[in-house]
Amino acid sequence: MYADLSPVIAATAQWLTRAYPASGGALALALTEAQARQAVTVAARLRYPTPMDVGLMDVAGPGGSARLDRITGVDGDGDGAADAWRTWVDEVVASWAVSLLADPELAARAVRALAEGGTPVDYRRLLTPDDGDRRAAALLRHPDLVAPVAVLHRAELLALVA
């Protein structure tokens, strides 16, 4: 199932790191990307828990980043071909991912919910970020900055991991 979600995970994580860029150089970018990818992976696995869910998403498509771009003021590259990856962004997954990054307790509940359905996976950068992780992803983890995206679908996430 993870492999089937990989385009959504990659695109949504990329969107997050562009909307909330790393603070610092190449190492900060890598740390921010790792945190975004872990949060998006948890969110995607919660959103699409079965092979049927993944299959339906493949048919209907994840929705794209247009609404998220408007909310955050993120612009595409202006080139349709260069922006094709944006069609794989899932708004709900992005909303859930920033909710997880901004709320450590919610992230822990979400990972526990995933572990109940199978083998636990290590999400250290999401659950127990060190000071370097926090500095690198300061924008991505800031509750006030991510609030416009988080609020879009946060209620559904809270109900799911209650």
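Residues numbered from 1 in each chain as written. Predicted model: local features only at pLDDT ≥ 70, side-chain atom pairs only at ≥ 80, totals over all residues. Heavy atoms only, no water.

**Considering the overall build of the chain**
A tally of helices and strands in the chain yields nine helices and zero strands. Along the chain direction, N to C, the helices and strands of the chain fall in the order α-α-α-α-α-α-α-α-α. Looking at the 162 residues of the chain, the share that counts as buried comes to 44%. Contacts in the chain between residues far apart in sequence, at least 24 positions, make up 81% of those at least 6 positions apart. (Helix = DSSP H or I, 4+ residues; strand = E, 2+ residues; numbered from the N terminus. Buried < 20%, exposed > 50% of the residue type's maximum accessible area, 1.4 Å probe, protein only. Contact = heavy atoms within 4.5 Å.)

**Concerning the pattern of salt bridges**
What the rule picks out here adds up to nine salt bridges. The salt bridge partner of R67 is E91, with a shortest N-O separation of 2.9 Å. In this pair, R67 is assigned in helix α4 (residues 66-72) and E91 in helix α5 (residues 91-102), connecting sequence segments 24 residues apart. Judged by its relative accessible area of 39%, R67 is partly exposed. Of the residues examined, E91 reaches a relative accessible area of 13% and is grouped as buried. Taken together, the salt bridges that share partners define one network made up of D69, D83 and R86. (Salt bridge = Lys/Arg side-chain N within 4 Å of Asp/Glu carboxyl O.)

**A word on the packing of helix α2 (residues 26-47) against helix α6 (residues 104-116)**
To characterise two packed helices, one gives the angle between the axes of the helices and the distance between these axes. Packing of α2 against α6 leaves a shortest axis separation of 10 Å and a crossing angle of 50°. Considering the angle they form, α2 stands oblique to α6. Where α2 crosses over α6, the handedness of that crossing is left-handed. Side by side, α2 and α6 meet where V42, R45 and L46 of the first sit next to A110, V111, A113 and L114 of the second. In the contact of α2 with α6, the residues fall into six nonpolar, no polar and one charged. (Axes fitted to C-alpha atoms, helices over the stretch in contact; angles between N-to-C directions. Parallel < 35°, antiparallel > 145°, perpendicular 65-115°, else oblique. Left-handed = near helix turned anticlockwise from the far one by under 90°. Nonpolar A, V, L, I, M, F, W, Y, C, P; charged D, E, K, R; others polar.)

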